[in-house]
Amino acid sequence: MSIQEKVDDYKKMLALFPNAQEKYQYLIEQAKNSEDFPEELRIDEFKVNGCQSQVWLVPEEKDDKLFFKSDSDALIAKGLVTLIASIYSNEAPGDIANSNIDLMEEFDLGVILSPARRNGAFSMLKTIKEVSQKLAD
Amino acid sequence: MIKVSDLKKDFPIFDREINGNRLTYLDSGATSQKPNLVINEMSNVYTNINANVHRGTYVLSSETTAKYEDVRNKFKEFINAYSSDEIIFTKGCTEGFNFLANSICKDLSPGDEIILSEIEHHANIIPWQMAADKYNLKIKYINITESFDLDIDHFESLLNSKTKVVSIVGESNMSGMLPDIKKLNSLIKEKTDAIYIVDGAQLVPHRKIDVQDLGIDFICVSGHKMLGPTGIGVVWGRKKLLEKLDPVYGGGDMIEEVFYESATWAPIPHKFEAGTPPYVEAIGLGAAVDYLTKLDMKNVEKHSDELRIYAKNKLESIDGLNVVHTSSDIAGCTFAMSVEGVHATDVSLMLDTFGVAVRAGHHCVQPFHRKLNLDATFRATGYIYNDEEDFDILSNAIKESIKLLT
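The rules we used
- Residues numbered from 1 in each chain as written.
- Chains lettered and ligands numbered in written order.
- Predicted model: local features only at pLDDT ≥ 70, side-chain atom pairs only at ≥ 80, totals over all residues.
- Helix = DSSP H or I, 4+ residues; strand = E, 2+ residues; numbered from the N terminus.
- Expected span 1.5 Å × (residues − 1).
- Buried ≥ 20, exposed ≤ 12 C-beta atoms within 10 Å, placed from the backbone.
- Contact = placed C-beta atoms within 7 Å.
- Nonpolar A, V, L, I, M, F, W, Y, C, P; charged D, E, K, R; others polar.
- Pairing = 2+ DSSP bridges.
- Axes fitted to C-alpha atoms, helices over the stretch in contact; angles between N-to-C directions.
- pLDDT = per-residue confidence, 0-100.
- Parallel < 35°, antiparallel > 145°, perpendicular 65-115°, else oblique.

Okay, helix H3 (residues 75-88) of chain A next. Residue and element names in this part refer to chain A. With 14 residues, H3 extends 20 Å between its outermost C-alpha atoms, agreeing within 8% with the 20 Å of an ideal straight helix rising 1.5 Å per residue. Counted residue by residue, H3 has 13 buried out of 14 residues, so it is predominantly covered. Following H3 by one or two positions, Asn90 has its phi on the positive side, about 65 degrees.

So, in structure tokens, the structure goes:
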């Protein structure tokens, strides 16, 4: 599935929830169902700067594709980074680097995904783009 | 007495709905909402009289200058300063501390000591750290007790002949602690010749202040936390001390005579106000002072005290909620809170879905959060437009949020 298709799927899913509280509950579920994050990866090298809580994003390259492991000490941020990691995992670095970073603003996730360029979601996306760009070059 | 339901009508923002709920604004510690009086007064300046201050020889400039300078008189009355020349306009408390730290520390000797407390806002730490680095000064921190109050014995033990500056919060933006300023002042004056500066960011919006009675030397004030606009604040200082201090910023409007080689400074207060000042914001602050004066600061204080007691009981009865709040009988209506195993940002995001606005993070008091082993807390602060219903809504929303997050 392409990045665009995954974004469209999540968009449809999130549209099912009528308000911010239910959307956050969906993210919390994503967080609770996410894979365990290896303790040894919880290090500064993988920390995403600019988030209000601690967020870790670990890229792994397998068969020319990128995969992301993620975690956060806050539940809603963990749900969000889990969702972002799943959108960009199993994709070629070049495809990620060329994808539109604004795609997720269509998610209507209220304050956690506002277009403000200083929020945590933007920092997560920027980290993913930077890693991909380096590998694609 | 303050009747919140009537008073709220003066604040147009309370007509807003947030996520389908009425707005429960409990973040006045970060910034206060603005009454129509302030909004309209600033709009009036831009609409009818706008011109740069102190420069023009025409009607508009003279009217704006008169209004701007009159705010000094209003503020002088508001805090009972000796003279309106002692009212220095700044961008806010942060600029106030940077100005004082730079100007005062320049004249100190290496090894001289500055005393702060462990619960200071970063604005009252970083400028001193920067100045201490530059001039080889030493900073000492007064311990905060387990009940979130100043450890007075420890404070006394820190005072000595090298102490040149004591700068302490007047009302804590984290624990609500209200140090006994008069008592601290007597201890300082008894044992040292140090300058005593009060961080008035949270204190001045909430309590009647009389700088002459307190006996202090300086107070830094933030305009936007006391119903005024952003970008304006005040440093009040004793005239004799202000006259001795050098300006930190140079430029237009702060000089008497300028030569190619040198310049002489204008008298206080203008020597500290280089360039075009934020005069519209200052006039807005004047309207905020008018509003609070009409309410009467004694009523503001009483309202804060009554609301605090109600809120404290309400919040402390919530299972699983850790409330960081002084055990003193008198304190500010400020409550930093945490829930074991739940991140503060999760709670504040959930509270937002109930229309409740609180702040999450370290509230610019990171060293003290570290001392308590807390990454972050969420904080509710009450002001004149908050009532018991706001804390009922907060309390129910916290309970619901804990359920959703655990």
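On to the interface of chain B and chain A. Every contact between the two is made by 13 residues of chain B and, on the other side, 14 residues of chain A. Going through the elements one at a time, helix H13 (344-353), strand S16 (359-361) and helix H15 (388-405) of chain B are the ones with two or more residues in the side of chain B that touches chain A. Top contributing element to the side of chain B that touches chain A by residue count: H13(B), with six residues. When the residues that make up the side of chain B that touches chain A are grouped by side-chain class, the tally is five nonpolar, six polar and two charged.

Let us now look at the sheet that holds strand S6 (residues 138-142) of chain B. Residues and elements named next belong to chain B. One open sheet holds the seven strands; their spatial order is S4-S10-S9-S8-S7-S5-S6, and the pairing between them is mixed. The outermost strands of the open sheet, each flanked by one partner alone, are strand S4 (87-90) and S6. Sheet twist, expressed as the mean angle between neighbouring strand axes with direction ignored, is 20 degrees. In terms of strand pairing, strand S5 (residues 113-117) meets S6 through five bridges, oriented parallel. Note on S6: the bridge partner recorded for Glu113 is Lys138. Where helix H5 (residues 126-135) meets the sheet, it contacts S5, S6 and strand S7 (163-169), and its direction lies at approximately 150 degrees from that of S6.

Another aspect to go through is the pairing of S4(B). Residues and elements named next belong to chain B. Of the two faces of S4, the one lined by Ile87 and Phe89 and the one lined by Ile88 and Thr90 are each fully buried. For S4 and strand S10 (residues 233-237), the ladder comprises four bridges, and the chain directions are antiparallel. Bridging across to S10, Ile88 finds its partner in Val235.

Moving on, we get to the confidence of the model for chain A. For chain A, the average pLDDT comes to 87, and 93% of its residues sit at 70 or higher. Helix H5 (residues 120-136) of chain A is the least confidently modelled element of chain A, averaging 85 in pLDDT, while strand S2 (residues 65-72) of chain A averages 94, the highest of any element.

Attention now moves to the environment of A:Phe122. With respect to the helices, strands and loops of the structure, A:Phe122 is situated in helix H5. For the pair A:Phe122 and A:Leu75, spaced 47 residues apart in sequence, the C-alpha to C-alpha distance is 17 Å.

Right, let's get into the packing of helix H2 (residues 20-32) of chain A against H13(B). Remark: H2(A) packs on H13(B), axes separated minimally by 8 Å, with the N-to-C direction vectors making an angle of 150 degrees. Overall, the two elements H2(A) and H13(B) adopt an arrangement that is roughly antiparallel. Residues A:Ala20, A:Gln21 and A:Tyr24 of H2(A) lie in contact with H13(B), whose contacting residues are B:Leu349, B:Met350 and B:Thr353. Classifying every residue of the contact of H2(A) with H13(B) gives four nonpolar, two polar and no charged.

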